[in-house]
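Single-letter residue listing:
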Amino acid sequence: MYRPVPAQVDLPALEHEVLAMWEREGVFAASVAQSQGKPPWVFYEGPPTANGTPGTHHVEARVFKDVFPRYRTMKGFHVPRQAGWDCHGLPVELFVERELGFTGKQDIEAYGVAEFNSRCRESVLRHVDEFTEMTRRMGYWVDTDAAYWTMDPEYIQSVWWSLKQIFDKGLLVQDHRVAPYCPRCGTGLSDHELAQGYESVIDPSVYVRFPVTNAEFLERYPGAAFLVWTTTPWTLVANTAIAAKPTADYAVVKTAAGETLVVGTALLEQIFEEPITVLATMTGTELENLTYQRPFDYVEIPDAHYVVLADYVTTEDGTGLVHQAPAFGAEDLITCRAYGLPVVNPVMPDGHFAPAIPVVGGEFFKKADAGLIRTLKASGLMFKHVDYEHSYPHCWRCHTPLIYYAQPSWYIKTTAIKDQLLAQNEQTNWFPTSIKWGRYGDWLNNNVDWALSRNRYWGTPLPIWRCPDGHLTAVASMAELSELAGKDVSSIDPHRPYVDDITMPCPTCGLAARRVPEVIDCWYDSGAMPFAAVGYPLQNAETFRNQYPADFICEAIDQTRGWFYTLMAIGTLVFEESSYKNVVCLGHILDEDGRKMSKHLGNVLEPIGLMNEHGADALRWFMLASGSPWQARRVGHAAIGDVVRKTLLTYWNTVSFLSLYARLSKWEPVDLAPAPSQRPVIDRWVLSEANQLARDVDAALEKFDTQLAGRLLSTFIDNLSNWYVRRSRRRFWDGDPAALATLHEALRTATLCLAPFTPFITERVWQDLFRSTDPDAPKSVHLASWPEVTASEIDKRLGTDMALVRRIVELGRAARASSGVRTRQPLGRALVSAPGWSELSQQLRDQVCEELNISTVESLDDGGSGFIETTVKANFRSLGQRFGNQTPAVAGAIGAEDPAALLAAMRSAKSATLLVVGIGEVNLTEADLVITETARAGWAVAADAGESIALDLTITDELRRAGLAREIVRAIQETRKTSGLDVADRISVYWTSTDNDVLEAMTEHGDMIGAEVLALHLNQVDGDWPEAAITAVEVPETKIELRIGSV
RNA sequence: GGGCGUAUAGCUCAGCUUGGUUAGAGCGCUUCCCUGAUAAGGAAGAGGCCGGUGGUUCAAGUCCACCUAUGCCCA
């Protein structure tokens, strides 16, 4: 027996019960355990940074990470799901720094690295709890007990091992390069970290005169100066040279004000507003080695200050002459090195100019601009100064503007494996596909070496030991380190500062080697998870081999340069194979107004609160099925509320309906019901749709298309509720086993297909309808298999026929509405014209009759042609294929024909011949035409695209009395409902009337009325109401007085 | 400046892969209808130069090019 299912449901409360049940019964563990031995489908959890509070965007990714593993499990795969936490890195360090009120590295050093790192560890543990709670609440099944932590010694040793592989291949090297550097954090950043932190800022854009000092040039052009453009005036302090493009043209011009300037010819119009005179033009090559006077001589830069040549110089903006400061520009450094120019860096690692420097000494580099601009204006060197807004890289965590800064750093030479990476990308399936060749492919094509090291504290220490002679030793594990160090260090925490204290005799020269001071980019940690999560190669070698590479990973789009990249890069570096095959890449979540969610704007939707208000299923369904997952989407209470009403409650109420009437009629799913093929056509239709649903949703999920799957599911639920149940209600009241069994089966398929999407409500339904009636059913819907498709039950023809029925019903309702004859008033006859109508079975036609409350529906052709109006239009789709550019001529000829005659000819001979000007005789079949037949006046007509229905509005006395009876039934039902009677309660009806029509209707239809309203007695009252007649029934526009009472 | 998306009803979005002459859904609004599961359902109406221009084609919301706006990513 089904459990009772109340019509009203509190979804969040239901979910809490289901959560408790899952935990009590260990359902997740059981689902993984019961699939042991089945083919694996490998999923990698991208570890969230255990820092800060989880947001709605975390829920988004986690919904997708949940739905596909659940689906694959139902499809018979073994899908272990190991959680993971990203523990290291700047985010954590900064959080702790803030808590402690620190402003920089010197504070940390003073505080003590050991204590600082233990604070970091403690902060990680705190935040992981919040993520675990959110994960649990939303029903994301991932094994948090077996989670990998990137700070675990085992994990770190796996990372070390992989770094040693890369080191041994000669791809891990130290180099002195200009790289983005955060002066506040005191460390260089990698390219993908740079990608996280562009912010819009207003910077000065200055055009500065650099007076030429070459005597020969000055002789020809007295007082000439190079015009140089820069947006970083502070770097002018370190000016070393000017770069010109060798192939570009440069002009020596005389300005309106009479001064002589050298600029790129292509830029003259952009730079000068007033007319100028061109004195001479020359190529960049001719400018080479010309000397000039630099604007500031605050620091010593020997043997410098002349024009150098560089191909990268552009003549599209600026002046075509680029100021060179090799300490602050990667390209500058390369160019200046080629000329043997010195690299002078007046800025200290903390981002401030060295104190001894005039004017800017001790100032933060960005802040120096203002003073320098004042000085330039005072000295007359400033040609033009405007402010402009552009995006500039900032530290992704502390928001300090970055500085491009020459510094020694460790690199992984990813450029050396670029071709391999591109080849791996070829093998990878991206969803959406545009990412593969677009954003991600583009990123790979512009690959630069990975700046791996960080001059920080809380991270995986770089496992390289160096002796005074510079010999390098990479170490793969604590065991290996013990061996090299000559003592057992295996129980020592591999973090700083403890690991720093371990020294070894250099294996090459025997001198004492110390670890290099750097830690590594935490993005390397997460990218190493495919093997480090299981501690490979020190342990679990077999497990690792079985789950590499992943079948599926999923994150938001910001990870293209983050995790998606580091995973692929490390996999390719270490195993020469990318670590994932399919990657789903989600768009970002925005607020209701399309803005990014941020604490600053106060528009953050807190996920637990959201789920406790609407339910986790609602949030999940929204994420999966509403809008395109690839695209940025807006989330708000209204949108999620819609989802609940539209889909989840409709589904729930269908379940509730089935439970209600099955229980009333004491029906059990095991009871005998006719075989599906023996059931009424509408049952066969809904079963066909259900099978099709299981097949189509399967195909959609196979392609990771949750949006399509969601649309299929909600359409099915709507069809089930608002057509199948609506049309079959009477059969349910009567306890028809065919109807009950059909709805049971349809709901079973829908519930199974829905289970990965909305695991809570489907679990409850599973328990109430299926588990309660089938002792062999799995104890959870999530232990069940994907529904089997019974191909023999799929009937495409039935699908199109039913679609026609529903279109005709729609037209009929429109016709009723326009005629003003309400549906309650029975009508005698309707005439239908539509292609396919004549082939429709009587059962299907009956659906139209019942729904429209019409006794008979006939084909228009059977009803006599006297009142038919015919229009014939060309069917372009069909004609276009045959006639191409002659289509309009044929269409015109069709329009010119008499429709009735053409149709008559067509009907009798199956085809018709038309004379078309310019073509000759053309043979047409009915498929070439859109025929619309409608009835003439006196009927209520509705027509659309070749289909029409006409209602005979004649209301005979008999029909009027039938309408009256229906009116009475409806009024009594209404009263039953408002007075709170149960649908199964029996009543007595008392009535009185003097109206002949009513008297006659009661005689004719009394039995029907009694049966409809579950009245055991129908009493005509003469005089006073008996005591039992309690509740008055209002029957509008009808001359009857009515009361009902209990039996 | 470059790359990749996006642009369809007041709002949120389908449709575009595979071109077919009346472009859909939901929410909201107006007026009706139906209702013995439903916080539902249905009909009609108001509301669309399918961002713009040009091209391909007998035919373009759909394919192509350019432009504009906007988002993300990068320089």
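Residues numbered from 1 in each chain as written. Chains lettered and ligands numbered in written order. Predicted model: local features only at pLDDT ≥ 70, side-chain atom pairs only at ≥ 80, totals over all residues. Heavy atoms only, no water.

Asks: Teacher, can you tell me more about the overall build of chain A here?
Replies: Check the secondary structure of chain A and you find 34 helices and 38 strands. At 40 Å, chain A has a C-alpha radius of gyration far larger than the 31 Å of a compact globule built from 1047 residues. Once the C-alpha set of chain A is aligned to its principal axes, its extents read approximately 125 × 80 × 55 Å. Residue burial in chain A is summarised as follows: out of 1047 residues, 55% are buried. Of the contacts formed within chain A by residues at least 6 apart in sequence, a portion of 77% connects residues at least 24 apart. (Helix = DSSP H or I, 4+ residues; strand = E, 2+ residues; numbered from the N terminus. Rg over C-alpha atoms; globule rule 2.2 N^0.38 Å. Buried < 20%, exposed > 50% of the residue type's maximum accessible area, 1.4 Å probe, protein only. Contact = heavy atoms within 4.5 Å.)

Asks: In this structure, what is going on with helix 16 (residues 478-485)? I would like to understand it.
Replies: Listed in full, the buried residues belonging to helix 16 are Met-478, Leu-481, Ser-482 and Ala-485. Buried residues of helix 16, viewed axially, fall in a sector of 105°; they line one side. Turned more than 90 degrees away from the buried face of helix 16, the exposed residues are Ala-479 and Glu-483. Buried residues along helix 16 sit against helix 7 (153-168), strand 18 (464-466) and strand 20 (504-505). Following helix 16 by one or two positions, Gly-486 has its phi on the positive side, about 75°. (Arc of directions from axis to C-beta.)

Asks: Sorry if this is basic, but what is going on with the pairing of strand 14 (residues 403-412) here?
Replies: On a regular strand, each side chain points to the face opposite its neighbour's, so the side chains alternate between the two faces of the sheet. A large share of strand 14 lies buried, amounting to eight of its 10 residues. Two strands pair when backbone bridges link them, and strand 3 (residues 172-182) and strand 14 are joined in this way by 10 bridges, in the antiparallel orientation. Bridged to Gln-174 within strand 14 is Trp-410. The pairing of strand 14 with strand 16 (residues 450-451) spans two bridges and is antiparallel. Bridge pairing in strand 16 links Ile-412 to Trp-450. (Pairing = 2+ DSSP bridges.)

Asks: So what exactly am I meant to see when it comes to the sheet that holds strand 38 (residues 1041-1046) here?
Replies: What links the strands of a sheet is backbone hydrogen bonding, and the strands pair in either a parallel or an antiparallel sense. The mixed open sheet is built from four strands, whose spatial order is 36-35-38-37. Two strands lie at the open edges of the sheet, namely strand 36 (1015-1020) and strand 37 (1031-1033), each paired on one side alone. On average, adjacent strands in this sheet sit at an angle of 25° to one another, irrespective of strand direction. On top of the sheet, helix 33 (residues 957-978) reaches strand 35 (987-992), strand 37 and strand 38; it is set at about 145° to strand 37, its chief contact. Strands in contact with helix 34 (residues 996-1012) are strand 35 and strand 36; relative to strand 36, the strand with the most contacts, it is inclined by about 165°. (Axes fitted to C-alpha atoms, helices over the stretch in contact; angles between N-to-C directions.)

Asks: Got a minute to help me understand the packing of helix 21 (residues 607-614) against helix 23 (residues 637-664) in this structure?
Replies: The description of two packed helices rests on the angle between their axes and on the distance between the axes. Helix 23 packs onto helix 21 with a crossing angle of 35° between their chain directions and a minimal axis gap of 11 Å. Pair helix 21 / helix 23 crosses with right-handed handedness. Counted together, Leu-610, Glu-613 and His-614 of helix 21 and His-637, Ile-640, Gly-641 and Val-644 of helix 23 form the full contact between these two elements. Taken together, the residues that form the contact of helix 21 with helix 23 break down as three nonpolar, three polar and one charged. (Left-handed = near helix turned anticlockwise from the far one by under 90°. Nonpolar A, V, L, I, M, F, W, Y, C, P; charged D, E, K, R; others polar.)

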